[in-house]
Amino acid sequence: MSQYILNLLPVREEEKGEFEAIAPDAVHVYAGRRTVTPEQLEKATIIFGWPRPREMKNARSLQWFQTMWAGTEEYEGMLPDGILFTCSAGTNSRSVAEHMLASLMAVCRRLPTYRDSQRAHRWEDEGTMKTILGGTVLVLGAGHVGSDFAGMCQNLGARTVGFKRTVRGAVPGFDQVYTMEELDRWLPQADVVALALPHSSETVGIMDERRLRLMKRDAVLLNAGRGSALDQEALVRVMGEGHLWGAALDVTEPEPLPQDSPLWDVPNLLLTPHVAGGMRLEITRRACIKLAQDNLRRYLAGEPLVNQVK
Ligand code: GLV
């Protein structure tokens, strides 16, 4: 049976030609998340991109779906049974890691406070700053994002310690890697604790009040994985008592963050609306397209796919 490939990725004209050269016998249909029709979803045997999860029930002919997201939880329970499901983990790791580093530096240098002063036309020295030189950076989640971010911190002179579910050897960017069971003994030594975790039953609430209180009073917390890993109410409470130097969150639970959330007003807490990754850098877009093309080649050759989720 010839394939019907519904391509919802942001592809350029020449990239369409590349997809068509890989699968010359397939029907190639290009659409956007908003312009895709129920008929296209119904006919698709392969989908690339980010269809709305609730629309996936229309994909009755589907055999394989590759999402452009690294995290896959929004499609859980939404996909037809028995299909192949792959994700784009790794394609946005440079982008997310740079965002983590930028927000870490901003918080260390009190830039959120200086920006508030600028808006109020106030020339005021806020005192001491922090450096990560010689400090200890813990990263929860030693996947693509965690590893890229750790490597950046290592280059800036920090000791980097990664935590993951199972340890099978060294991970680039980390001086040491441990299982999550070792986390509590490291938290009191950390200058920075960075969360780069997916959403799963094992990660929900992993950074709870007890763990936040194990951190040093002048440590920095970052979250660029999923909001569910952090107990946000506990963070507001703990920071309200002057515990922690600052925090930067690119992800919250829920998203968008409700207008009345107390998180908006925590001093030296930098909030960004889940923009660390996505298609905001050309290198991310290109990596996503390339992964889809590589996997299409593998799929047609009957080879195992990269980033198989199920
Ligand atoms: C971003 O959050 C992603 O999962 O790709």
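Residues numbered from 1 in each chain as written. Predicted model: local features only at pLDDT ≥ 70, side-chain atom pairs only at ≥ 80, totals over all residues. Heavy atoms only, no water.

### Some details on the site of the ligand
Under the convention used in this document: Note on terminology: near, applied to a residue and a molecule or strand, indicates that one of the residue's heavy atoms is within 4 Å of it. Any pair of nitrogen or oxygen atoms within 3.5 Å is treated as a polar contact; in protein, a donor-acceptor pairing is required on top of that, and neighbouring residues in sequence qualify only through side-chain atoms on both sides. Each residue receives one of three labels: charged for Asp, Glu, Lys and Arg, nonpolar for Ala, Val, Leu, Ile, Met, Phe, Trp, Tyr, Cys and Pro, and polar for the others, Gly being one of them.
Taken together, the neighbourhood of the ligand is formed by Trp69, Ala70, Gly71, Asn92, Arg226 and His274. Within the backbone of Ala70, an N or O atom sits 2.7 Å from an oxygen atom of the ligand. Arg226 is positioned with one of its side-chain polar atoms (N or O) 2.7 Å from an oxygen atom of the ligand. Among the residues making up the shell around the ligand, the classes are represented as two nonpolar, three polar and one charged.

### Digging into the sheet that holds strand S9 (residues 192-195)
Keep this limit in mind: Two strands are said to pair when DSSP picks up at least two bridges between them. Per the convention used, a helix needs a DSSP run of H or I reaching at least four residues, while a strand needs a run of E reaching at least two, with both numbered from the N terminus. Helix axes use the C-alpha atoms of the stretch in contact, all axes being lines fitted to C-alpha atoms, and the angles between their N-to-C directions lie in the range 0 to 180 degrees.
Judged by pairing direction, the sheet is parallel, and its seven strands sit side by side in the order S8-S7-S6-S9-S10-S11-S12 without closing on themselves. Each end of this open sheet is capped by a strand with a single partner; those strands are strand S8 (176-179) and strand S12 (269-271). Taken pair by pair, the neighbouring strands of this sheet meet at an average axis angle of 15°, ignoring direction.

### Topic: the nonpolar core
For the record, the criterion: Nonpolar cores are built from buried Ala, Val, Leu, Ile, Met, Phe, Trp, Tyr and Cys residues. Side-chain atoms within 4.5 Å join them into one set. Residue exposure (1.4 Å probe, protein chains only): buried if accessible area is under 20% of the type maximum, exposed if over 50%, otherwise partly exposed. Here, two residues are considered to be in contact whenever any of their heavy atoms come within 4.5 Å of each other.
Ranked by internal contacts, the top residues of the largest apolar core, which has 32 residues, are Leu140, Val193, Met207, Leu221 and Leu235. Every element with two or more residues in this core is listed here: strand S6 (136-140), strand S7 (159-164), helix H6 (183-186), S9, helix H8 (232-240) and strand S11 (246-249). By residue number, the principal contributor to this core is H8, which donates four residues. Leave out the neighbours within four places in its chain, and Leu140 touches Phe163, Met180, Leu183, Val193, Ala194, Leu195, Ala196, Leu197, Ile206 and Met207.

### Description of the pattern of salt bridges
Rules: Any Lys or Arg side-chain nitrogen located within 4 Å of an Asp or Glu carboxyl oxygen qualifies as a salt bridge.
In the structure shown here, the tally under the stated rule is 22 salt bridges. For Glu202, the salt bridge is made with Arg165, and the minimal N-O distance between the two is 3.4 Å. Remark: Arg165 occurs in the loop between S7 and S8 and Glu202 occurs in the loop between S9 and helix H7 (209-214); sequence separation between them is 37 residues. Take Arg165: its relative accessible area is 61%, and that puts it in the exposed class. Between Glu282 and Arg285 there is a salt bridge; the shortest N-O distance is 2.9 Å.

### Digging into the packing of aromatic side chains
In this description, an aromatic ring pair is defined by two values, namely the gap between the centres and the angle between the planes. Note the cut-off: Side-chain rings of Phe, Tyr and Trp, where Trp is taken by its six-membered ring, are said to pair if the distance between their centres is within 6.5 Å; with planes under 30 degrees apart they count as stacked, over 60 as edge-to-face, and otherwise as tilted. To sit over a ring, a charge needs its Lys NZ or Arg CZ within 6 Å of the ring centre and within 35 degrees of the ring normal.
Under the counting rule described, the total for this entry stands at nine aromatic pairs. Their ring planes at 40° and their centres at 5.7 Å tell us that Phe19 and Phe48 sit as a pair that is tilted. Placement of Phe19 in helix H1 (residues 13-22) and of Phe48 in strand S3 (residues 46-49) is noted, with a sequence separation of 29 residues between them. Phe48 shares its class with Phe19; the two are buried. Seen in terms of ring centroids, Phe48 and Trp64 are 5.2 Å apart; in terms of plane orientation they differ by 90°. Their pairing is edge-to-face. You can see Phe48 sitting in strand S3 and its partner Trp64 sitting in strand S4 (residues 64-67), a full 16 residues away along the chain. On the basis of relative accessibility, which here comes to 0%, the residue Phe48 falls in the buried class. By way of ring pairs, the aromatic residues Phe19, Phe48, Trp64 and Tyr299 are connected into one cluster. Over the aromatic face of Tyr178 sits the side chain of Arg185, whose NZ or CZ is 5.4 Å from the ring centroid.

### Considering the domain arrangement of the protein
One widely used convention gives an interface's size as the accessible area the parts lose upon coming together. Rules: The start and end points of each domain follow an automatic or database-based domain assignment. Values labelled buried area give the accessible surface lost by two parts on being combined, using a 1.4 Å probe and summing over both.
Each assigned domain of the protein is listed here: domain 1 (4-91 + 280-301) and domain 2 (93-271). For domain 1 and domain 2, the distance between their C-alpha centroids amounts to 33 Å. Taken together, the eight residues of domain 1 in the interface contact six residues of domain 2. When domain 1 packs against domain 2, close to 580 Å² is buried across both sides, 54% of that on carbon and sulfur atoms. For domain 1, the biggest contributors to the area lost against domain 2 are Glu73, Gly90 and Leu281; these three give 58% of the whole. There are one salt bridge connecting domain 1 and domain 2. With a shortest N-O distance of 2.7 Å, Glu73 and Arg226 are connected by a salt bridge. Taken together, the connections running from domain 1 to domain 2 amount to two residue pairs in polar contact (both at pLDDT 80 or more). Of the residues contributing to the side of domain 1 that touches domain 2, the split by class is three nonpolar, four polar and one charged.

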